[in-house]
Amino acid sequence: MKEIILNHPMIKHKISVLRSKDTSTKEFRELISEISMILCYEAFKNEELTEYEVETPIAKTTGYKIDENNYAFVPILRAGMGMIDGVLRVMPTAKIGHIGLYRNEETLEPVKYFSKFPKGIENKEVILLDPMLATGGSGSAAITLLKQDGVKKIKFLSIIAAPEGIERIKKDHPDVQVYAAQLDDHLNENGYIVPGLGDAGDRIYGTK
Ligand code: PRP
Ligand code: URA
């Protein structure tokens, strides 16, 4: 499946501020949330609607609704939690699962430390959230966990993606649609996205 990259002047503007090393923790969090909301709109672009009757002060008309019960958001801890605020503004009643993974700094391999999913997740479409898609190891492992629990439809929303990460997801999970607000250039020798934004978790939580 071809990745979808948001190509919009306002996104380029916001990503540029987000990346800057001089951006404060407060502004960083706000931008992550705002860009996540826009990514979420994009991800629901072709979703099915049910029709119903709406009465305006003037006339009856056809209304359309999305069944929020059919979806679950699953952030990859920690940094993915920073996206929850934004996506909940789009779909406030969707259920939320969690996957705890961190990258071993030497091997860059993901290590799982937690997972908890809403009941009936196997019948929901899962919107997986992680601001950084670097080697793709964490994303791929998270998708495998979801599939082991019976999830059949998954979209992966990232804010900055490296070409290496996109290729990894496409190779391991060709059925998963990847969205990214920004496609960056490459990974450096430590597995960081270049130019990237540094360590997303540390910048969201102010831990470094
Ligand atoms: C970051 C990021 C992704 C992962 C991406 O998390 O939030 O989960 O790295 O890298 P990958 O594509 O090479 O796997 P990190 O491991 O730093 O954990 P944190 O969110 O707890 O800071
Ligand atoms: N994780 C991050 O937080 N940033 C990167 O550039 C790569 C992985």
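Computed from a prediction, not measured in an experiment: that's the story for all the values here.

### Section: the site of ligand 1
Okay, so step 1: Lining the immediate environment of ligand 1, one finds 15 residues, of which Arg-103, Asp-130, Thr-135, Gly-136 and Ser-138 sit closest.
Okay, so step 2: Here an oxygen atom of ligand 1 sits 2.8 Å away from a polar atom, N or O, in the main chain of Gly-136.
Okay, so step 3: The separation between an oxygen atom of ligand 1 and a polar side-chain atom of Ser-138 is 2.6 Å.
Okay, so step 4: Burial of ligand 1 by the protein chains amounts to 91% of its free accessible area of 500 Å².
Okay, so step 5: Secondary structure elements with two or more residues in the shell around ligand 1: strand S6 (98–103), strand S9 (132–133) and helix H4 (137–148).
Okay, so step 6: Taken together, the residues that form the shell around ligand 1 break down as six nonpolar, five polar and four charged.

### Points about the packing of helix H1 (residues 9–19) against helix H2 (residues 25–43)
Okay, so step 1: The geometry of H1 relative to H2 is characterised by a closest axis approach of 10 Å and an angle of 150° between their N-to-C directions. On the basis of their axis angle, the class for H1 and H2 is roughly antiparallel. At the point where H1 passes H2, the crossing takes the left-handed sense. On H2, the residues touching Ile-11, Lys-14, Ile-15, Val-17 and Leu-18 of H1 are Glu-27, Phe-28, Leu-31, Ile-32, Glu-34, Ile-35 and Ile-38.
Okay, so step 2: Broken down by class, the residue content of the contact of H1 with H2 amounts to nine nonpolar, no polar and three charged.

### Focus on the environment of Asp-85
Okay, so step 1: Relative to the helices and strands, Asp-85 resides in helix H3 (residues 84–90).
Okay, so step 2: Owing to a relative accessible area of 53%, Asp-85 belongs among the exposed residues under this scheme.
Okay, so step 3: Along the chain, Asp-85 and His-8 lie 77 residues apart, while their C-alpha atoms are 22 Å from each other.

### Comments concerning helix H5 (residues 163–172)
Okay, so step 1: Listed in full, the buried residues belonging to H5 are Gly-165, Ile-166 and Ile-169. End-on view of H5: buried residues confined to an arc of 100°, all on one side of the axis.
Okay, so step 2: Those residues of H5 hidden inside the fold are in contact with strand S1 (4–5), S9, H4, strand S10 (153–161) and strand S11 (177–183).

### Observations regarding the packing of aromatic side chains
Okay, so step 1: Following the criterion strictly, the structure yields two aromatic pairs and no others.
Okay, so step 2: Relative to Tyr-71, the ring of Phe-44 lies with its centre 5.0 Å away and its plane at 85°, an arrangement referred to as edge-to-face. Pair noted here: Phe-44 is in the loop between H2 and strand S2 (50–55) and Tyr-71 is in strand S4 (residues 71–77), with a separation of 27 residues, a long-range link. In terms of burial, Phe-44 and Tyr-71 fall into one category: buried.
Okay, so step 3: Over the face of the ring belonging to Tyr-52 we find Lys-65, whose NZ or CZ atom lies 4.9 Å from the ring centre.
Okay, so step 4: Its end group placed over the ring of Tyr-192, Arg-103 keeps NZ or CZ at 5.7 Å from the ring centre.

Parameters at a glance
- Residues numbered from 1 in each chain as written.
- Chains lettered and ligands numbered in written order.
- Predicted model: local features only at pLDDT ≥ 70, side-chain atom pairs only at ≥ 80, totals over all residues.
- Heavy atoms only, no water.
- Near = heavy atom within 4 Å.
- Polar contact = N/O pair within 3.5 Å; in protein donor to acceptor, adjacent residues only side chain to side chain.
- Areas by Shrake-Rupley, 256 points an atom, 1.4 Å probe, with all protein chains shown as cover.
- Helix = DSSP H or I, 4+ residues; strand = E, 2+ residues; numbered from the N terminus.
- Nonpolar A, V, L, I, M, F, W, Y, C, P; charged D, E, K, R; others polar.
- Axes fitted to C-alpha atoms, helices over the stretch in contact; angles between N-to-C directions.
- Parallel < 35°, antiparallel > 145°, perpendicular 65-115°, else oblique.
- Left-handed = near helix turned anticlockwise from the far one by under 90°.
- Contact = heavy atoms within 4.5 Å.
- Buried < 20%, exposed > 50% of the residue type's maximum accessible area, 1.4 Å probe, protein only.
- Arc of directions from axis to C-beta.
- Phe/Tyr/Trp six-rings, centres within 6.5 Å; stacked < 30°, edge-to-face > 60°.
- Lys NZ or Arg CZ within 6 Å of the ring centre and 35° of its normal.

Purely spatial values, then, with no claim about function.
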